[in-house]
Amino acid sequence: LDYVMEEEFLGKPFLYKFIYLIAGFWTFKMKFYGGWVLAEGICIACNLGTEEKEDGTVDYSSIINIDIYGTEVSWELAHCVRAWNKTIQQWMKIYVYDTTQLPKSVRTDFVFALSAFWHGIRPGYYLTFLSAPPMIKLQQKVGNLTRKARENNQTYEMVCLLYLTPIYYGHVTPIT
């Protein structure tokens, strides 16, 4: 991380810096993916957090914390957020979003602000978490306007994915 603040890095072409930051953030995320998947495996091996259903099958959904595919190829920030740290997302929805008496239009803002506070006092947390709700709301409005173009259109989704992935990386980089 120190390298990106050095004069040598700042003098590099934009494309170099862009690719460097994407690769750096990708490797940063791998720590989380590895930790979560390892923890999920341990919980499954110890039969912790599982629920046996009436038909004899076992439900592991309460210990699945990350949807790596959903996080990496999500073309909407809201989907990406739901796929990342799923059990915390579920907890925040049930105990904060659904129970707060705030107007529905600001509940998402409140949940993200609370999440920023939970992470700590670094400005990057607040920059990231407090800029997410307007981005999500904008994507929802654009999504409503382009619904017909999106229906069963994989090309549209791929264009969105290629366009939005760098934005996501730029959006969450202040956390690191």
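Look a little higher up for the structure.
Everything in this summary refers to the structure shown in the same document. (Residues numbered from 1 in each chain as written. Predicted model: local features only at pLDDT ≥ 70, side-chain atom pairs only at ≥ 80, totals over all residues. Heavy atoms only, no water.)

**A word on the nonpolar core**
Quick reminder of the rule: The nonpolar core is taken to be a set of buried Ala, Val, Leu, Ile, Met, Phe, Trp, Tyr and Cys residues, with the residues joined through side-chain atoms within 4.5 Å. Think of it in three bands: with a 1.4 Å probe and only protein chains considered, a residue is buried below 20% of the maximum accessible area for its type, exposed above 50%, and partly exposed in between. Strands are runs of DSSP state E lasting at least 2 residues, helices are runs of H or I lasting at least 4, and numbering of each runs from the N terminus. Here, residues are in contact when the closest pair of their heavy atoms is within 4.5 Å.
Within the largest apolar cluster, 9 residues are counted, these being Leu77, Ala78, Val81, Phe112, Ala116, Tyr125, Phe129, Ala132 and Ile136. Going through the elements one at a time, α4 (77–83), α6 (104–119) and α7 (123–145) are the ones with two or more residues in this core. If near-sequence neighbours (up to four positions away) are discounted, Ile136 is found in contact with Leu77, Ala78 and Phe112.

**Comments concerning unusual backbone geometry**
One non-glycine residue with positive phi stands out, namely Asn47, at about 60°. The topology assignment puts Asn47 in the loop between α2 (14–45) and β1 (51–52). In this model, Asn85 sits at a positive phi of 55°, which is unusual for a non-glycine residue. Tracing the backbone through its elements, the reader meets Asn85 in the loop between α4 and α5 (86–97). The class of Asn85 is buried, set by a relative accessible area of 18%.

**Considerations on a nonpolar patch on the surface**
Heads up, the rule is: Exposure above 30% relative accessible area and the lack of any salt bridge qualify a residue for a patch; like charges then connect within 9 Å, and the nonpolar side chains Val, Leu, Ile, Met, Phe, Trp and Tyr within 5 Å. Surface accessibility follows the Shrake-Rupley procedure with a 1.4 Å probe radius. Residue values consider only the protein chains on display as shielding. When a carboxyl oxygen of Asp or Glu is within 4 Å of a side-chain nitrogen of Lys or Arg, the pair counts as a salt bridge.
Among the surface-exposed residues, Leu102, Val106, Phe110, Leu114 and Phe117 lie close enough to one another that they form a single nonpolar patch of about 410 Å² accessible area. Examined against the element boundaries, Val106 turns out to sit in helix α6.

**Overview of the side chain of Arg107**
For clarity, the threshold we go by: Counted as a polar contact is a pair of N or O atoms within 3.5 Å, where, for protein atoms, one must be capable of donating a hydrogen and the other of accepting one, and residues adjacent in sequence contribute only when both atoms are in side chains.
Within the secondary structure, Arg107 is located in helix α6. Among the polar contacts listed, one links the side chain of Arg107 to the backbone oxygen of Leu102, at a separation of 3.1 Å. Those residues in contact with Arg107 that lie beyond four places of it in its chain are Tyr97, Thr100 and Leu102.

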